[in-house]
Amino acid sequence: MAELGSHQLQIVNWFTGAVPTSVYASGGVHRFTDGREAADHVYAIFEYPENVTLTYSTIQSNKYDHYYEQVMGSKGTIVLQGEREAMLFMEDGKEIEATKIDAGKAAASGPMMSASESRLRDAAGSAVGGTSSGYNPLAAYRDELAAFCSTIRYWTPNPCDGQAGLNACVPILLANQSMKERRKIDIGPEWYSATDV
């Protein structure tokens, strides 16, 4: 959880403008049984305000899939994969204009298409093409480091400041505790205050 889980959790914090209020996690060392202590299989449920639920899973014993974020809502589902691809699955009866995927500049966002449209075309035996640009997924890391350097040199506000880091780390650390203790843990607002912990 503490290696990459915080990045996926931070995305939900960012999308919702909220932080988890509880976590229940299960997992363990199921593949690398050579004395390691860090779980190689993790399944966690994070509850957010306003009936938002994040389910997180990662396993090290199967290479079927790559990492991705999947956001499911009443209007459809967005799958963001590999920092280059976005697929949109609309709910039946919903107009495509009701939801917009905007990854900065459309020409620089890599392959982007309506996955629901691709299902219909695949069923009919025709291919669906995407467009690709020279978008470099490492650009986000470069921008993140540039913002950090600007904060150090010029005291400019950092988009991922200490509070954002705390908001992502607290639930992750409590997910590890939940796995160890095999119980749900409530996360009160005091956990997200750097001065109260």
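Keep in mind that this is a model prediction, so the values were computed, not measured.

### Observations concerning the pairing of strand 5 (residues 76-81)
Move 1: As paired strands, strand 4 (residues 68-72) and strand 5 are joined by 5 bridges and run antiparallel to one another. The residue of strand 5 that forms the bridge with Tyr 68 is Gln 81.
Move 2: The antiparallel hairpin formed by strand 4 and strand 5 contains 3 residues in its connecting segment.
Move 3: Linking two consecutive strands that pair antiparallel, namely strand 5 and strand 6 (residues 85-90), is a turn of 3 residues; a positive phi of about 60° is found at Gly 82 within it.

### Things to note about the sheet that holds strand 2 (residues 41-48)
Move 1: The 4 strands are arranged 3-2-1-8 in an open sheet whose pairing can be described as antiparallel. Edge strands, defined here as strands with exactly one partner in the open sheet, are strand 3 (52-59) and strand 8 (185-186).
Move 2: Together, strand 1 (22-28), strand 2 and strand 8 form the strand contacts of helix 4 (residues 162-181), whose direction differs from that of strand 1 by roughly 55°.

### Quick word on the packing of aromatic side chains
Move 1: If you walk through the whole model with that rule in mind, you get 1 aromatic pair.
Move 2: Sitting over the ring of Phe 32, Arg 36 keeps its end group 4.2 Å from the ring centre.

### With respect to unusual backbone geometry
Move 1: Of note in the backbone geometry, Glu 50 takes a positive phi value of approximately 60° without being a glycine.
Move 2: Within the secondary structure, Glu 50 sits in the loop between strand 2 and strand 3.
Move 3: The backbone phi angle of Arg 182 is positive, close to 55°, even though this residue is not glycine.
Move 4: Looking at the secondary structure, you find Arg 182 in the loop between helix 4 and strand 8.
Move 5: Taking relative accessible area as the criterion, Arg 182 reaches 63% and is therefore assigned exposed.

### Quick word on the side chain of Asn 13
Move 1: Looking at where Asn 13 falls in the secondary structure, it is placed in helix 1 (residues 5-16).
Move 2: In terms of polar contacts, Asn 13 uses its side chain to reach the backbone carbonyl oxygen of Asn 167, at 3.3 Å.
Move 3: With sequence-adjacent residues up to four places away left out, Asn 13 is seen in contact with Ala 18, Val 19, Pro 20, Tyr 48, Asn 167 and Ala 168.

### A word on the confidence of the model for the chain
Regions with low pLDDT should not have their predicted coordinates read in detail.
Move 1: With 76% of its residues at a pLDDT of 70 or more, the chain has an overall mean of 80.
Move 2: Counting contacts from residues 104-112, a segment whose pLDDT is below 50, to residues more than four positions away or on other chains yields 17 contacts.
Move 3: Here residues 121-128 is a poorly scored stretch, pLDDT under 50, and it has 6 contacts once near neighbours within four places are set aside; other chains count.

### Description of the nonpolar core
Move 1: Counting residues in hydrophobic clusters, the biggest one holds 21 residues, and the most contacted among them are Met 1, Leu 9, Val 23, Phe 46 and Tyr 48.
Move 2: Where this core is concerned, the elements lending two or more residues are helix 1, strand 1, strand 2, strand 3 and helix 4.
Move 3: Ranked by residue count, the leading element in this core is helix 4, at 6 residues.
Move 4: Those residues in contact with Val 23, other than ones at most four positions away along the chain, are Ile 45, Phe 46, Pro 171, Leu 174, Ala 175, Ser 178, Arg 183, Lys 184, Ile 185 and Ile 187.

Rules and cut-offs
Residues numbered from 1 in each chain as written. Predicted model: local features only at pLDDT ≥ 70, side-chain atom pairs only at ≥ 80, totals over all residues. Heavy atoms only, no water. Pairing = 2+ DSSP bridges. Helix = DSSP H or I, 4+ residues; strand = E, 2+ residues; numbered from the N terminus. Contact = heavy atoms within 4.5 Å. Axes fitted to C-alpha atoms, helices over the stretch in contact; angles between N-to-C directions. Phe/Tyr/Trp six-rings, centres within 6.5 Å; stacked < 30°, edge-to-face > 60°. Lys NZ or Arg CZ within 6 Å of the ring centre and 35° of its normal. Buried < 20%, exposed > 50% of the residue type's maximum accessible area, 1.4 Å probe, protein only. Polar contact = N/O pair within 3.5 Å; in protein donor to acceptor, adjacent residues only side chain to side chain. pLDDT = per-residue confidence, 0-100. Core = buried A, V, L, I, M, F, W, Y, C linked by side-chain atoms within 4.5 Å.

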